[in-house]
Amino acid sequence: MISNENKFHALKEKSSGFILVGVILIVLGCLALGYQFIATVFSIYFIGSLLLIAGIAQALHSFRIKSFGQSALWAVMGILYIFIGLMSFFQPVAVSSALTLVMSFLLIMGGFTQIFAAINNRNLPSWGWVLTSGIITLILGFMIIAGWPYDSLWILGMFLGIDLIFQGWAYVAIGFALKK
């Protein structure tokens, strides 16, 4: 119990830091919403960088694990990561389009899954919230597919902006709650 109180007091002293980070995230989220195309391209470059680094690491590692078996398959996976990472830099709009399409399919599948789970669990309290969330997710997925590929230029940037704003508000709320 004492260690939990010490942790709480240590966090309470850093409440202003939570608020500051929250405000920074909110400002960045607003910028991403204001410049959705740039935020989309930046997101693609960031994802491409991660894929490129992961691909290089995996390809190099595949040559060191010959005793593991199927090292050629590991190398091919690494090369595919490298290829997609490089495509992100040379064709960010095409990669954005592909990611937006994949994201819309994931939203549609997620929406159906939530709706199915809600209907199967009608006996649980607040099951309607899961149903509502599933319906909204499903509609969002279909809206994105309806505007694809043209909306691919701004969808990822918009999602990034919204995510940053919600994260920022969460940090601000935590910071103010710790101050009390």
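Residues numbered from 1 in each chain as written. Predicted model: local features only at pLDDT ≥ 70, side-chain atom pairs only at ≥ 80, totals over all residues. Heavy atoms only, no water.

So, the overall build of the protein
Then comes step 1: The number of helices and strands found in the protein is 7 helices and 0 strands.
Then comes step 2: Over its C-alpha atoms the protein spans a radius of gyration of 21 Å, topping by over 25% the 16 Å that the globule rule assigns to 180 residues.
Then comes step 3: The buried share of the protein, taken over its 180 residues, is 29%.
Then comes step 4: Residue pairs at least 24 apart in sequence account for 78% of intrachain contacts in the protein once pairs closer than 6 positions are excluded.
Then comes step 5: Put simply, the protein shows about 11900 Å² of open surface, and 77% of that area lies on carbon and sulfur atoms.
Then comes step 6: A distance of 9 Å separates the average location of the 8 positive side-chain charges in the protein from that of its 4 negative side-chain charges. (Helix = DSSP H or I, 4+ residues; strand = E, 2+ residues; numbered from the N terminus. Rg over C-alpha atoms; globule rule 2.2 N^0.38 Å. Buried < 20%, exposed > 50% of the residue type's maximum accessible area, 1.4 Å probe, protein only. Contact = heavy atoms within 4.5 Å. Areas by Shrake-Rupley, 256 points an atom, 1.4 Å probe, with all protein chains shown as cover. Lys, Arg positive; Asp, Glu negative; His and termini not counted. Charge placed at Lys NZ, Arg CZ, Asp CG, Glu CD.)

Re the side chain of Ser96
Then comes step 1: Within the secondary structure, Ser96 sits in helix 5 (residues 92-120).
Then comes step 2: Take Ser96: its relative accessible area is 2%, and that puts it in the buried class.
Then comes step 3: When sequence neighbours within four positions are dropped, the list of residues in contact with Ser96 reads Thr40, Ile44, Ser152, Leu153 and Leu156.

Some thoughts on the nonpolar core
Then comes step 1: Formed by Ile44, Val95, Met103, Leu107, Ile144, Ile155, Leu156 and Met158, the largest nonpolar core amounts to 8 residues.
Then comes step 2: Counting only elements with at least two residues in this core, the list comes to helix 5 and helix 7 (155-179).
Then comes step 3: If near-sequence neighbours (up to four positions away) are discounted, Leu156 is found in contact with Thr40, Ile44, Ser96, Leu99, Thr100 and Met103. (Core = buried A, V, L, I, M, F, W, Y, C linked by side-chain atoms within 4.5 Å.)

Let's talk about the packing of aromatic side chains
Then comes step 1: Applying the stated criterion across every chain yields a total of 2 aromatic pairs.
Then comes step 2: Look at Tyr45 and Phe89: their rings are 5.5 Å apart centre to centre, the planes differ by 15°, and that puts the pair in the stacked class. With Tyr45 in helix 3 (residues 36-62) and Phe89 in helix 4 (residues 71-90), the pair connects residues that are 44 residues apart, well separated along the chain.
Then comes step 3: Classification of Tyr45 by relative accessible area gives partly exposed; the value is 32%. (Phe/Tyr/Trp six-rings, centres within 6.5 Å; stacked < 30°, edge-to-face > 60°.)

So, the environment of Ala32
Then comes step 1: In this structure, Ala32 sits in helix 2 (residues 15-34).
Then comes step 2: For Ala32, a relative accessible area of 7% gives the class buried.
Then comes step 3: For Ala32 and Met158, which are 126 residues apart along the polypeptide, the C-alpha to C-alpha distance reads 6.7 Å.
Then comes step 4: Dropping the residues within four chain positions of it, Ala32 is found in contact with Ala39, Gly157 and Gly161.

A word on a nonpolar patch on the surface
Then comes step 1: Among the surface-exposed residues, Leu20, Val23, Ile24, Val27, Leu28, Leu31, Tyr35, Phe37, Ile38, Val93, Leu153 and Trp154 lie close enough to one another that they form a single nonpolar patch of about 1100 Å² accessible area.
Then comes step 2: Put simply, the parts of the chain that give the nonpolar patch at least two residues each are helix 2 and helix 3.
Then comes step 3: The element contributing the most residues to the nonpolar patch is helix 2, with 6 residues.
Then comes step 4: Along the polypeptide, Val93 turns up in helix 5. (Patch = residues over 30% accessible without salt bridge, like charges linked within 9 Å, V, L, I, M, F, W, Y side chains within 5 Å. Salt bridge = Lys/Arg side-chain N within 4 Å of Asp/Glu carboxyl O.)

Here we look at the packing of helix 3 against helix 4
Then comes step 1: Across the interface, helix 3 lies against helix 4 with an axial gap of 7 Å and an inter-helix angle of 155°. Classified by the interaxial angle, the pair formed by helix 3 and helix 4 is roughly antiparallel. The way helix 3 lies across helix 4 gives a crossing that is left-handed. Of helix 4, the residues touching helix 3 (which contributes Ile44, Tyr45, Gly48, Ser49, Leu51, Leu52, Ala54, Gly55, Ile56, Gln58, Ala59 and Ser62) are Ser71, Trp74, Ala75, Met77, Gly78, Tyr81, Ile82, Ile84, Gly85, Leu86, Ser88 and Phe89.
Then comes step 2: Among the residues forming the contact of helix 3 with helix 4, the class breakdown is 15 nonpolar, 9 polar and no charged. (Axes fitted to C-alpha atoms, helices over the stretch in contact; angles between N-to-C directions. Parallel < 35°, antiparallel > 145°, perpendicular 65-115°, else oblique. Left-handed = near helix turned anticlockwise from the far one by under 90°. Nonpolar A, V, L, I, M, F, W, Y, C, P; charged D, E, K, R; others polar.)

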